[in-house]
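In case you want the letters, here they are:
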Amino acid sequence: MEELEVQKDKNRGRLLDNEHWSDVLIQALPYFKQWVGKIVVVKYGGNAMLNEELKMAVMKDIVLLHTIGIHVVLVHGGGPEINKMLEKVGKESKFVNGLRYTDSETMEIVQMVLTGKLNKDIVGLLLQEGGRAVGLSGVDSGLLRAKKIDKDGLDLGFVGEVIEVHPEIVSSLINDGFIPVISTVAVGEQGDVNRYNINADTAAAKIAVALKAEKFVQLTNVSGVLKDIHDPASLIPRIPMPTVPQLIENGTIAGGMIPKVECCMIALRGGVPRTHIIDGRVPHSLLIEMFSERGIGTMIF
């Protein structure tokens, strides 16, 4: 066991020598120049939000990007945390066709967890890492306006779909040097008192469009789009948008990957040049995607 630890230390030494680091930085430099001053919208969720080590890696990545002049907008979900709180208060989580049924009591809990706890926790972690972050929800300044979803005639309660994005508050924060952290609770389309629970992936894609972002990244619990879901080595690194329907038809893109790819399509059709589905389980996957030729995950363009 002791010999194994010694070998690990030797390996670390080889990885961290000056020659290695200088090579890494030289390769990354063109990407630094490419992205400085650009807006990158990151949808944050999954294991990267639950695992403490991965969580801190994401925070460090975002602060580094912000420090060198890349404008990161972080949009987060919080399904597992909402489930925990519902369990605490003795309320059963109910889903209809994959969407959370959200009655008025559940909506209060959703808003409390997303905007009152998770959002501020994330802001606090970014501040801890030296970032300048501000938390807001889709309600603030009418950022996200939504209408009630009526899916196949089923009543889902206060579940909405985004119909308008008013990004002025986000643009203002970016211009003032802050990292906006957005929870996806929306206000009604007429600015009424109703609040709506919004799918965070879809909201992030539409925010990316409204901000004219250069890149839209979804941190997920999978490697990306795989030719064979049982073989991680079958990752498809690049998918041109016109080929997506065929990949859905032949079953390559299936199950939970379909809505993630559809969110990429929303962003692409709205003018975002590059969209990515990357593995949030890999520490610093965001930096690997941003600053290396090989990247990580699947790019849809």
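All figures in this text were calculated on a predicted structure; none of them were measured in a lab. (Residues numbered from 1 in each chain as written. Predicted model: local features only at pLDDT ≥ 70, side-chain atom pairs only at ≥ 80, totals over all residues. Heavy atoms only, no water.)

K.L.:
Got a minute to help me understand helix α8 (residues 200-210) in this structure?
P.N.:
Since the α-helix packs 3.6 residues into each turn, any two residues three or four apart lie on the same face. Regarding α8, the residues found buried are Ala200, Asp201, Ala203, Ala204, Ala205, Ile207 and Ala208. You can read the cap of α8 off the contacts: a side-chain oxygen lies 3.0 Å from the backbone nitrogen of Asp201, and it is on Asn199. Positive backbone phi, at 55 degrees, marks Lys212, one or two positions downstream of α8. (Buried < 20%, exposed > 50% of the residue type's maximum accessible area, 1.4 Å probe, protein only. Helix = DSSP H or I, 4+ residues; strand = E, 2+ residues; numbered from the N terminus. Polar contact = N/O pair within 3.5 Å; in protein donor to acceptor, adjacent residues only side chain to side chain.)

K.L.:
I tried to follow the packing of aromatic side chains on my own but got confused; where do I start?
P.N.:
The relative placement of two aromatic rings is captured by the distance of their centres and the angle of their planes. According to the stated counting rule, one finds two aromatic pairs in the structure shown. Between Phe158 and Tyr196 the ring centres are 6.1 Å apart and the planes differ by 50 degrees, which places this aromatic pair in the tilted class. One end of the pair, Phe158, is in strand β7 (residues 154-165); the other, Tyr196, is in strand β10 (residues 195-198), with 38 residues separating them in the sequence. Judged by its relative accessible area of 26%, Phe158 is partly exposed. On the basis of relative accessible area, Tyr196 is assigned to the buried category, the value being 8%. The ring centre of Tyr101 lies 5.0 Å from the NZ or CZ of Lys94, which sits over that ring. (Phe/Tyr/Trp six-rings, centres within 6.5 Å; stacked < 30°, edge-to-face > 60°. Lys NZ or Arg CZ within 6 Å of the ring centre and 35° of its normal.)

K.L.:
Looking at this model, I keep getting lost on the confidence of the model for the protein. Mind explaining?
P.N.:
Low-confidence regions, as indicated by low pLDDT, have predicted coordinates that should not be scrutinised in detail. Residues of the protein with pLDDT of at least 70 account for 94%, and the chain-wide mean is 90. A low-confidence stretch, residues 1-14 stays under pLDDT 50, and its non-local contacts, those more than four residues away or across chains, total two contacts. (pLDDT = per-residue confidence, 0-100. Contact = heavy atoms within 4.5 Å.)

K.L.:
Help me understand the sheet that holds strand β9 (residues 185-188) in this model?
P.N.:
Whenever strands of a sheet pair, they do so through backbone hydrogen bonds, lying parallel or antiparallel. The strand order around the closed barrel formed by four strands is β6-β7-β10-β9, and the pairing between neighbours is mixed. Put simply, the sheet's adjacent strands are angled 65 degrees from each other on average, direction ignored. Bridging between strand β6 (residues 144-151) and β7 involves seven bridges; their strand directions are antiparallel. Bridged to Lys151 within β7 is Leu154. Here α8 sits on the sheet and contacts β6, β7 and β10; the angle it forms with β7, its principal contact strand, is near 15 degrees. (Pairing = 2+ DSSP bridges. Axes fitted to C-alpha atoms, helices over the stretch in contact; angles between N-to-C directions.)

K.L.:
Quick question: what am I supposed to make of the state of the cysteines here?
P.N.:
Working definition of a disulfide: a covalent bond connecting the sulfur atoms of two cysteines. This model, assessed by the stated rule, comprises zero disulfides. Looking at the unpaired Cys263, the closest cysteine sulfur is the one in Cys264, lying at 7.2 Å. (Disulfide = S-S within 2.5 Å.)

K.L.:
What is the right way to read the sheet that holds strand β11 (residues 215-220) from this model?
P.N.:
Strand order across the open sheet formed by eight strands is β5-β8-β2-β1-β11-β13-β14-β12, with mixed pairing between neighbours. Two strands close off the open sheet at either side, each with one partner strand: β5 (133-137) and β12 (238-239). Packing of helix α10 (residues 257-269) onto the sheet brings it into contact with β11, β13 (274-279) and β14 (298-300), and relative to β13 it is tilted by some 155 degrees.

K.L.:
How do you make sense of the pattern of salt bridges when you look at a structure like this?
P.N.:
Oppositely charged side chains can pair when the atoms bearing their charge come close. Under the definition given, this model contains 11 salt bridges. Linking Lys43 and Asp201 is a salt bridge whose minimum nitrogen-to-oxygen distance equals 3.1 Å. Of this pair, Lys43 sits in strand β1 (residues 39-44) while Asp201 sits in helix α8; the two residues are 158 residues apart in sequence, bridging distant segments of the chain. For Lys43, a relative accessible area of 8% corresponds to the buried category. (Salt bridge = Lys/Arg side-chain N within 4 Å of Asp/Glu carboxyl O.)

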